[in-house]
Amino acid sequence: MAPAPAGASPARKRRSADEPPLVVTERATRGRPPREDADPEFVGDPIPADEARAKFPHRYHRQRRNGEGEEEEVKARCHYRAAQVEGIVYNLRDDVYVAAEEGKPHFIGRITELFEGTDHVKYFNCRWFFRSEDTVISTAKLVDDHSHDPKRVFLSDERNDNPLDCIVSKVKILQVDPKLDLEAKAQLAADNDLYYDMSYTVPYSTFENITNDINEISGISSDADSEVDTSVATATLLDLYSGCGGMSTGLCLGAALAGLKLETRWAVDFNSHACKSLKSNHPKTEVRNEKADDFLSLLKEWAVLCDQYVHDNNAEAPPSMDEEEEEGELEKDEYVVQKLTDICYGGIDRKSCIYFKVQWKGYGPEEDTWEPIENLSSLILF
């Protein structure tokens, strides 16, 4: 795929109002044919191990199993400060065009990492810019002939890893003061391909002025906005009586604006329609369709079980199932538990106790049943 011409605007044809905005979270290589040119290479020596581990600690921690549907982050063998692709040297914090699918405009991003993965593939991590038509603006109802400057983009916190040969070319992007008028911005951006003055928060479809790293004399940004403190812990939220998730969305947005990463890990509501809506808008949240009182009772009873069978009774625990004989035919009305797939407390027409959802050996998921804990008391020990 040929590089974008220097100075050309990468703006694309506007979508219809019915088409959802593009969210750049997939690997940029999807649908793109591999290059037949010389292989890309890193330039210079690797960043010293101690420095790399301090700067990118998440790359060197033990791999964790992500939740269903989440892409596992690539781990690193070593990091570099520069790389060469098709004879062009790229450094950390360079802004670049990144190859998209055939016939689509190139993605726009900022290089935040250059590293060799544990799979021996050469990667760069990219922080994405969004064109106006790739934000919520694309679905907004515009009045008269109002349009947006095609040279204006928005910096987001969205980022992911891509093979090094996805880099197409460099792009000159200028950060300008959002307080400047349009004419002043146009003059500053005249010698650049693109410019930005605001950030875009994808989960909440919101914009915010960026002023913290503007050089007041030149209007050119520093490199500070491309650095990310990867050591910042994520706070988690339990949303009771969650409804469709409006409270969670507001709290997480407010926390993000205050510099805190907050995620709604669990949400509980008795209305099934509200739960479906919340899950659609927050796919990473575990949404439980039950009474909040029942969920709180479950937490209390689960703590009791942990104290009884995990914390205080290890020495007296019975042998594992692997050590027991499972031979012989089953008695009438006797069934074998394959595994426990879910847990709840009480429910409609049920007594107040813990219930487990049981998948039975030799039966399909449609035959799963909810069983009270007293029916499975011996199984809990295993």
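Residues numbered from 1 in each chain as written. Predicted model: local features only at pLDDT ≥ 70, side-chain atom pairs only at ≥ 80, totals over all residues. Heavy atoms only, no water.

Looking at an unreviewed UniProt entry, one finds the protein named Chromo domain-containing protein, with Aegilops tauschii subsp. strangulata as its source organism. The UniProt entry for the protein carries this comment under Catalytic activity (unreviewed entry): "a 2'-deoxycytidine in DNA + S-adenosyl-L-methionine = a 5-methyl-2'-deoxycytidine in DNA + S-adenosyl-L-homocysteine + H(+)". (UniProt positions renumbered as here; feature names shortened; annotations may be inferred.)

Asker: Any chance you could explain helix α3 (residues 246–257) here in plain terms?
Answerer: Spacing of three or four residues puts side chains on the same side of an α-helix, whose turn is 3.6 residues. Its twelve residues give α3 an end-to-end C-alpha distance of 17 Å, which sits within 8% of 16 Å, the value for a rise of 1.5 Å per residue. Every buried residue of α3 is accounted for by S248, C252 and A255. Taken end-on, α3 shows its buried residues confined to a sector of 60 degrees, consistent with a single buried face. Structural note: α3 exposes G246 and M247 on the side pointing more than 90 degrees away from its buried face. For α3, the elements touching its buried residues are β14 (235–240) and β15 (262–269). Where α3 ends, the next residue or the one after it, G259, has phi of about 90 degrees, a positive value. (Helix = DSSP H or I, 4+ residues; strand = E, 2+ residues; numbered from the N terminus. Expected span 1.5 Å × (residues − 1). Buried < 20%, exposed > 50% of the residue type's maximum accessible area, 1.4 Å probe, protein only. Arc of directions from axis to C-beta. Contact = heavy atoms within 4.5 Å.)

Asker: Is there a simple way to explain the sheet that holds β14 in this structure?
Answerer: Paired through their backbone hydrogen bonds, the strands of a sheet run either parallel or antiparallel. Across the sheet, three strands lie side by side as β14-β15-β16; this open sheet has parallel pairing. Only two strands of the sheet have a single partner each, and these edge strands are β14 and β16 (286–289). Between one strand and the next, the sheet's axes are offset by a mean angle of 15 degrees, whatever the strand orientation. Across six bridges, β14 lies against β15 in parallel orientation. Residue pairing in the sheet places T236 in a bridge with E263 of β15. Along the sheet face, α3 touches β14 and β15 and points at about 170 degrees away from the line of β15. (Pairing = 2+ DSSP bridges. Axes fitted to C-alpha atoms, helices over the stretch in contact; angles between N-to-C directions.)

Asker: Could you clarify how one ought to interpret the nonpolar core in this entry?
Answerer: Nonpolar side chains tend to gather and get buried jointly when the protein is soluble and globular. Residues V98, I111, L114, F124, L164 and I167 are the most contacted members of the largest nonpolar core, which totals 25 residues. Put simply, the parts of the chain that give this core at least two residues each are β2 (76–80), β3 (82–85), β5 (95–98), β6 (107–117), β7 (122–131) and β12 (198–201). Take this core: its biggest share by element is four residues, from β7. Within the second largest apolar cluster, twelve residues are counted, among which are Y97, L155, V171 and I210. (Core = buried A, V, L, I, M, F, W, Y, C linked by side-chain atoms within 4.5 Å.)

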